[in-house]
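What the coordinates show
This is what each chain is made of:
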Amino acid sequence: MPALRILVDLVGYAVARAVLLLLSLGRIHVEPFIASPPPLKWPGYRRNANGQIELRQAAAGWVGFGICVIVLLVVALLVGACLRPHVYLTLRK
């Protein structure tokens with residue numbers, strides 16, 4: 001499963017870095033992407049001197065990957081509802 005690990009590390013990290021920064025209004029940052037990050041405490045985050053939360057790159061990759069999966073599921077449901085509206089209308093009755 002190295003392909004999944006690469007996908008989580010690259011795509012998930014990039015999505016988490018952008019989305020978490022926007023959704024938290026700058027309170028949550030993701031640590032810079034490096035090949036071998038220094039170990040952090042168990043939860044995968046720490047607070048810096050300014051009180052901002054810094055998320056570990058591995059944890060951020062999984063958070064971003066989860067965000068991508070949720071967005072893809074919502075898009076698939078919306079596309080399915082647009083292509084077959086009669087199915088969703090009959091379920092509501």
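Remember, predicted model here, so these are calculated numbers, not experimental data. (Residues numbered from 1 in each chain as written. Predicted model: local features only at pLDDT ≥ 70, side-chain atom pairs only at ≥ 80, totals over all residues. Heavy atoms only, no water.)

Examining the overall build of the chain
Put simply, the test is: Each helix is a run of H or I in the DSSP string that is no shorter than four residues. Each strand is a run of E no shorter than two, and both are numbered from the N terminus. Working definition: with a 1.4 Å probe on protein chains only, accessible area under 20% of the residue-type maximum means buried, over 50% means exposed, and in between means partly exposed. The method behind every accessible area is Shrake-Rupley, applied with a 1.4 Å probe, and residues are considered shielded solely by the protein chains displayed.
Within the chain, the regular secondary structure consists of 3 helices and 3 strands. Starting at the N terminus and walking to the C terminus, you meet the elements of the chain as α-β-β-β-α-α. For the chain, buried positions account for 20% of its 93 residues. Approximately 7000 Å² of the chain is accessible, and the part contributed by carbon and sulfur atoms is 73%.

Topic: helix α1 (residues 2-23)
Our working rule: Helix span is expected to be 1.5 Å times the residue number reduced by one. Each residue is assigned a bend, namely the angle between axes fitted to the seven residues that terminate at it and the seven residues that start at it. Should any heavy atoms of two residues lie within 4.5 Å, those residues are counted as being in contact.
With 22 residues, α1 ought to run about 32 Å at 1.5 Å a step, and its terminal C-alpha atoms sit 30 Å apart, in line with that. Of all bends in α1, the biggest is about 30 degrees, found at Gly12. For α1, the set of buried residues is Val8, Gly12, Tyr13, Ala16 and Leu20. Of the surrounding secondary structure, the elements contacted by the buried residues of α1 are β1 (28-30), β3 (53-55) and α2 (57-83). Note on α1: the residue one or two positions beyond its end, Leu25, has a positive phi of about 55 degrees.

A few points about the sheet that holds strand β2 (residues 45-47)
Convention followed: Strands pair, by our definition, only if DSSP identifies at least two bridges between them. Fitted lines through C-alpha atoms serve as axes, helices being fitted only where they are in contact, and the angles separating the N-to-C directions of these axes extend from 0 to 180 degrees.
Taken in spatial order, the 3 strands line up as β1-β3-β2 in an open sheet, and their pairing is mixed. Unpaired on one side and paired on the other, β1 and β2 mark the two borders of the sheet. Each strand axis lies, on average, 30 degrees off the axis of its neighbour in the sheet, ignoring direction. In the sheet, β2 pairs with β3 via 3 bridges, with the strands oriented antiparallel. Paired with Arg47 across the strands is Ile53, a residue of β3.

Focus on the packing of aromatic side chains
Formally: Pairing of aromatic rings covers Phe, Tyr and Trp, the last through its six-membered ring, and needs centres within 6.5 Å; plane angles under 30 degrees mean stacked, over 60 mean edge-to-face, and all others mean tilted.
A complete count under the given rule lists 1 aromatic pair for this structure. When the ring of Trp62 is compared with that of Phe65, the centres are 6.0 Å apart and the planes differ by 85 degrees; the resulting orientation is edge-to-face. Here Phe65 and Trp62 lie together in helix α2, a separation of 3 residues that amounts to about one turn.

A closer look at the confidence of the model for the chain
To keep things clear, this is the line we draw: A residue's pLDDT is the confidence the predictor assigns to it, expressed on a 0 to 100 scale.
Per-residue confidence for the chain averages 80 on the pLDDT scale, and 82% of its residues sit at or above 70. Model confidence for the chain, summarised as mean pLDDT per element, is weakest for helix α3 (residues 85-92) at 59 and strongest for α2 at 87.

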